[in-house]
Amino acid sequence: MKTEDLKSNGDEDVLAKTNRDQNNSESRKREIIRYGISAAPGIVIGTAFVVDSQVLRVPRTRVSQDRAEAEIVRFQEALDITRGELLQIKSDLADQLGDDHAKIFDAHMLILDDVMVKESTESLIRAESYNAAWALDIVISKIVTSLGNIGDEYLKDRSADILDVKQRVLRKLLGIESEHRQNPTEPSIIVAHELSPSETAQLDRRYVLGYATDLGGRTSHTAIMARSQGVPAVVGLEDTRPLIETGDTVVLDGNCGTIVINPLDGTRETYEKEIEHWRQFEEQLLTLTGYPAETLDHRKIELMANIDLPEEVASALDYGAEGVGLFRTEYFFIAQDQLPTEEEQYRVYRTLVEKMKGKPVTIRVLDIGGDKIAGYLHNSPELNPFMGWRGIRFLLTRKDIFKTQLRAIYRASAHGPVRMMFPLIVGVDEVVQAKKICEEIKHELTLARYKIDPDVEIGIMIETPSAVVLANALAKEVDFFSIGTNDLIQYTMAVDRGNTKISHLYQHLHPSIIRFLKMTADSARKNGVPAAICGEMCVDPMSAVVLVGLGLEEFSCSPNLIPEVKKTIRSVTFDECKTLVKKILKLSTTDKIEKRVWTFLKERCPDLSMFAEGKQHGK
Amino acid sequence: MLEFDAIVDNKIGMHLRAAGEFVKVATQFESEVTVIKDGKKANGKSILGLASLAIERGAIITVQITGDDEQDARDAIEELIDAKFYED
């Protein structure tokens, strides 16, 4: 009965869809623009290739009693084939990105080989004569439900892996070989609701022009993969996937975080020009690599790279980074099926430090929570994760995780200059507590005769209004500030950038932001503590000149954007930027400030202003 | 059949990694291994089974072992729990 229902529904769907396609083929080609999160830079125009996690229809049929044993054999064969397939994916991934990435599949293997899954499924087939697919479906559903009830976030996250494994085995049992059809045969932009790590890993990289997904954040697996492959990605597009079909032309703008479906000729031309503009601009910028980042009146600005993986070091150095201004450590906490051990972390930090060959590396301790824990895993259950249990708050309650990470960082400090910083600081006591733990770890490591650098600099992220207001007191406790502009703007303006209804309020040059930055820079200077800027803000030429004028001396951004920032810095003098800041501090609206900065920039560097304008149109 | 109680006293309880270590040891033996917590039973050779028992730090578990090599299995499992699942 149920099977019948499902079937007829399914057929109706197909019919309805065909009709709709025929009737609406014209209107479907309407140009649609959608906004998401920019996860990897670059712009590309291409053909969409939609990857769907198929909903598999499991037949509710029984096998005859005498076929039960044969059905069990069929089940075991499906497990064997799946095991081979997973091993293949794992070794491909290890070749492409290293063993650490391939570890994602360790959990898959354990689940596939789980004796409870195997025995329960077999006994259902034997006792109830269920077909293998049905039996497995029941067993896995039960496990996922019971794990979901435990209330352990970590285990809940593993449910995605368990379901991934189930899908694989079910496909074998149902004879659906979707894997091949799920791979583009010509260069395409991959479009999906969500890409699991195994789906991403299986795509033929030669044909991937970029990624667009409905779910995910900047540190989701797809985002990291795109950045390490050097292709653009836009994630967090919400309900965009249903608007796109394989073969549609799309423009993917990883710089602005937008996607244009079925672009009109005019739009297409604009983007083609922008791509060409980018290409020329980048070529020109790359010639700057050998030159220092200093203003015309010789004020030196340190340009650093923001990275997630040691593999990104090579490109950071190519683009002329003078160090790592932000190494985010979230990735291997979410990429693995378990908490990374001290040894694993030490290996990663040490590799990073060694690859930077004496240039400073700033490691931010785990900033999990908010968007960071989202990604390809599940969303955090907190109602308001951005204001929730994350950053230093998380670490001061989970001291076990904090201490393990600190040990690894201090041990890596024996191999080159390391700095570390704490995220989401709102008060002095947090800094005092965290520093006390650092002292304990240093003591422990010294007793255990580890070589460490006892003078690892300790800094904090200034990314909450509270930290800005307390900057003077905080400066007395730390060695440096790193102003995280993305979060600082969101918290100050009380605006979630992902919310398109209000994202226009996310303004770099809002008068309150400029005043906050000035307060921070002034407190830092007064206490002799360097202040760095770490965020997209320094990439925007309009903001960059303001930051120079505020007296900030270290900018950190994505490696490929370093040359652009350098170009801005080399086009202006420190003096005139200071004057500019004085003037805009008297202005009371973003509009007035932008106009003033715009006029300044147009005069000093027409090239860059053109770029800034293009960017603004893009938004 | 051998039966003994043990306190799980590693850092964060029998999470997936620790459960994995338990399974690794248990599967080296022919004997059947059952883990019981709060009356719920799980196959000691199943990582998902152990995980779904939600064994937190400080929890007391009962381990039942039946088979020819039960004594050896008991020794190995006790050693593992004492060593806090070799976490560090």
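So, the overall build of chain B
Next, step 1: Along the backbone of chain B there are 3 helices and 4 strands.
Next, step 2: Along chain B, from the amino end to the carboxyl end, the secondary structure elements read β-α-β-β-α-β-α.
Next, step 3: The proportion of buried residues among the 88 residues of chain B is 59%.
Next, step 4: Here the analysis covers contacts within chain B between residues at least 6 apart in sequence; of these, 68% occur between residues at least 24 apart.
Next, step 5: Put simply, chain B shows about 4200 Å² of open surface, and 43% of that area lies on carbon and sulfur atoms.

Notes on the overall build of chain A
Next, step 1: Counting its regular elements, chain A contains 26 helices and 16 strands.
Next, step 2: Among the 619 residues that make up chain A, the fraction classed as buried is 55%.
Next, step 3: Of the roughly 26600 Å² of accessible surface on chain A, 52% is carried by carbon and sulfur atoms.

Describing the environment of glycine 36 of chain A
Residues and elements named next belong to chain A.
Next, step 1: Tracing the backbone shows glycine 36 in the loop between strand S1 (32-35) and strand S2 (37-40).
Next, step 2: Each C-alpha atom, one on glycine 36 and one on aspartate 253, is 9.9 Å from the other, the two residues being 217 residues apart in sequence.
Next, step 3: When sequence neighbours within four positions are dropped, the list of residues in contact with glycine 36 reads Val234, Val235, Gly236, Leu237 and Gly257.

Description of the interface of chain A and chain B
You'll often see interface size given as the accessible area lost when the parts meet.
Next, step 1: Contact with chain A, which involves 24 residues of that partner, is made by 13 residues of chain B.
Next, step 2: Summed over both partners, the interface of chain A with chain B buries about 1500 Å², with 70% contributed by carbon and sulfur atoms.
Next, step 3: Linking chain A to chain B there are 0 salt bridges.
Next, step 4: For the pair chain A and chain B, the interface holds 4 residue pairs in polar contact (both at pLDDT 80 or more).
Next, step 5: Looking at the side of chain A that touches chain B, its residues break down into 13 nonpolar, 4 polar and 7 charged.

Topic: the nonpolar core
Considering soluble globular proteins, one finds that nonpolar side chains tend to be buried as a cluster.
Next, step 1: Counting residues in hydrophobic clusters, the biggest one holds 108 residues, and the most contacted among them are Phe402, Met420, Phe422, Phe481 and Phe555 of chain A.
Next, step 2: Here this core takes 7 residues from helix H16 (residues 399-412) of chain A, the largest share from any one element.
Next, step 3: If you count residues domain by domain, this core takes at least three from each of domain 1 (31-53 + 180-272) and domain 3 (287-617) of chain A.
Next, step 4: Setting aside residues no more than four positions away along its own chain, phenylalanine 481 of chain A makes contact with Ile460, Ile462, Ala471, Leu474, Ala475, Thr520, Ala524, Val529, Pro530, Ala531 and Ala532 of chain A.
Next, step 5: Of all hydrophobic cores here, the second largest spans 81 residues; its members include Ile72, Tyr211 and Val231 of chain A together with Ala26 of chain B.

Points about the packing of aromatic side chains
Aromatic ring pairs: the centre-centre distance and the angle between the two ring planes describe each pair.
Next, step 1: Inspection of every chain in the model, using the stated rule, returns 4 aromatic pairs over all chains.
Next, step 2: A cation over an aromatic ring shows up here: arginine 299 of chain A above the ring of phenylalanine 574 of chain A, its NZ or CZ 3.9 Å from the ring centre.

Brief notes about the packing of helix H11 (residues 265-286) of chain A against helix H23 (residues 562-570) of chain A
The geometry of a pair of packed helices is captured by two quantities: the angle between their axes and the separation between those axes.
All names here are of chain A.
Next, step 1: Across the interface, H11 lies against H23 with an axial gap of 9 Å and an inter-helix angle of 70 degrees. Of the possible angle classes, the one that applies to H11 and H23 is roughly perpendicular. Judged by residue contacts, Phe281, Gln284 and Leu285 of H11 engage Pro563, Glu564 and Lys567 from H23.
Next, step 2: Considering only residue class, the contact of H11 with H23 consists of 3 nonpolar, 1 polar and 2 charged.

Things to note about the sheet that holds strand S15 (residues 531-534) of chain A
Strands belonging to one sheet form pairs held by backbone hydrogen bonds; the direction of such a pair is parallel or antiparallel.
Residues and elements named next belong to chain A.
Next, step 1: The parallel closed barrel is built from 8 strands, whose spatial order is S9-S10-S11-S12-S13-S14-S15-S16. Adjacent strand axes in the sheet meet at a mean angle of 25 degrees when their direction is disregarded.
Next, step 2: Running over the sheet, helix H20 (residues 485-493) touches strand S13 (457-462), strand S14 (480-484) and S15 and is turned about 65 degrees from S14.

With respect to the confidence of the model for chain A
Caution is warranted with low-pLDDT regions, since their predicted coordinates should not be read in detail.
Residue and element names in this part refer to chain A.
Next, step 1: On average, residues of chain A score 84 in pLDDT, and 84% of them reach the 70 mark or higher.
Next, step 2: Here residues 370-380 is modelled with pLDDT under 50, and outside its nearest four sequence neighbours on either side it reaches 34 contacts, counting other chains as well.
Next, step 3: Confidence drops under pLDDT 50 across residues 613-619; counting only partners more than four residues distant or on other chains, this segment forms 11 contacts.

Side note on the pattern of salt bridges
Next, step 1: Here the structure, examined in full by the defined rule, presents 39 salt bridges over all chains.
Next, step 2: Between arginine 604 of chain A and glutamate 576 of chain A there is a salt bridge whose closest N-O contact spans 3.1 Å. Taken together, the positions of arginine 604 of chain A in helix H25 (residues 590-604) and glutamate 576 of chain A in helix H24 (residues 574-584) put the pair 28 residues apart, joining distant regions of the chain.
Next, step 3: Owing to a relative accessible area of 16%, glutamate 576 of chain A belongs among the buried residues under this scheme.
Next, step 4: A salt bridge links lysine 37 of chain B to aspartate 38 of chain B, with the shortest nitrogen-to-oxygen separation between them at 3.5 Å.
Next, step 5: Taking relative accessible area as the criterion, aspartate 38 of chain B reaches 69% and is therefore assigned exposed.
Next, step 6: When salt bridges that share partners are traced, they join Glu342, Glu343, Arg407, Arg411 and Glu444 of chain A into one network.

Details of the sheet that holds strand S4 (residues 188-192) of chain A
Residues and elements named next belong to chain A.
Next, step 1: Strand order in this open sheet of 8 strands is S1-S8-S7-S3-S4-S5-S6-S2, and the pairing throughout is mixed. Both outer strands of the open sheet, S1 and S2, are each paired with one neighbouring strand and no more. Neighbouring strand axes in the sheet, compared pairwise and without regard to direction, differ in orientation by 30 degrees on average.
Next, step 2: Sheet contacts for H11: strand S3 (43-51), strand S7 (249-253) and strand S8 (258-261); angle to S3, the most-contacted strand, approximately 115 degrees.

Details of the environment of alanine 434 of chain A
Residues and elements named next belong to chain A.
Next, step 1: By the element assignment, alanine 434 lies in helix H17 (residues 428-447).
Next, step 2: Distance from alanine 434 to isoleucine 392, taken between C-alpha atoms, is 8.2 Å for residues 42 residues apart in sequence.
Next, step 3: Apart from the residues within four sequence positions on either side, alanine 434 is in contact with Ile392, Leu396, Phe402 and Phe422.

Considerations on the packing of helix H22 (residues 541-549) of chain A against H23 of chain A
Residues and elements named next belong to chain A.
Next, step 1: Two elements in contact, H22 and H23, have axes separated by 10 Å at closest approach and are oriented at 55 degrees. Relative to H23, the element H22 lies oblique. When you trace H22 past H23, the crossing you get is right-handed. Across the interface between the two elements, Pro541, Ala544, Val545 and Val548 from H22 touch Glu564, Thr568 and Ile569 from H23.
Next, step 2: By residue class, the composition of the contact of H22 with H23 is 5 nonpolar, 1 polar and 1 charged.

Procedures and definitions
Along each chain, numbering runs from 1 in the same order as the chain's sequence is written. Chains carry letters and ligands carry numbers; both start at the beginning, A for chains and 1 for ligands, and go up in the order they are written. Predicted model: local features are reported for residues with pLDDT of at least 70 only, side-chain atom pairs are reported and counted for 80 or more only, and whole-chain, interface and lining totals are derived from all residues. Think of the side-chain values as coming from all heavy atoms in the structure, minus any hydrogens and water. Helix and strand labels come from DSSP, where a helix needs a run of H or I of at least four residues and a strand needs a run of E of at least two; each type is numbered from the N terminus. Exposed residues in this analysis have more than 50% of their type's maximum accessible area, buried residues have under 20%, and partly exposed residues fall in between, with area computed by a 1.4 Å probe over protein chains only. Any two residues whose heavy atoms approach within 4.5 Å are treated as being in contact. Each accessible area is a Shrake-Rupley estimate made with a 1.4 Å probe; only the visible protein chains count as cover when residues are assessed. Computed with a 1.4 Å rolling probe, the buried area is the accessible surface lost when two parts are put together, summed over both parts. One speaks of a salt bridge when a side-chain nitrogen belonging to Lys or Arg is within 4 Å of a carboxyl oxygen belonging to Asp or Glu. For this analysis, a polar contact is any N or O atom pair within 3.5 Å, provided that within protein one partner can donate a hydrogen and the other can accept it, and provided that sequence-adjacent residues contribute only side-chain to side-chain pairs. Charged residues are taken to be Asp, Glu, Lys and Arg, nonpolar residues to be Ala, Val, Leu, Ile, Met, Phe, Trp, Tyr, Cys and Pro, and polar residues to be all remaining types, Gly included. Throughout this description, the term nonpolar core refers to a set of buried Ala, Val, Leu, Ile, Met, Phe, Trp, Tyr and Cys residues connected via side-chain atoms within 4.5 Å. Marked domain ranges trace back to an automatic or database domain assignment. Between rings of Phe, Tyr and Trp, where Trp is taken as its six-membered ring, a pair exists when centres lie within 6.5 Å; planes separated by under 30 degrees are stacked, by over 60 edge-to-face, and by other angles tilted. Throughout this description, the term charge over a ring refers to an Arg CZ or Lys NZ atom that lies within 6 Å of the ring centre and within 35 degrees of the ring normal. Throughout, an axis means a line fitted to C-alpha atoms (over the contacting stretch in the case of helices), and angles, computed between N-to-C directions, take values from 0 to 180 degrees. In these notes the angle categories are as follows: under 35 degrees is roughly parallel, over 145 is roughly antiparallel, 65 to 115 is roughly perpendicular, and the rest is oblique. Any two strands with at least two DSSP-identified bridges between them are counted as paired. pLDDT is a per-residue confidence score from the predictor, ranging from 0 to 100. Crossing handedness follows the turn of the near helix against the far one: under a right angle anticlockwise gives a left-handed crossing, and clockwise gives a right-handed one.

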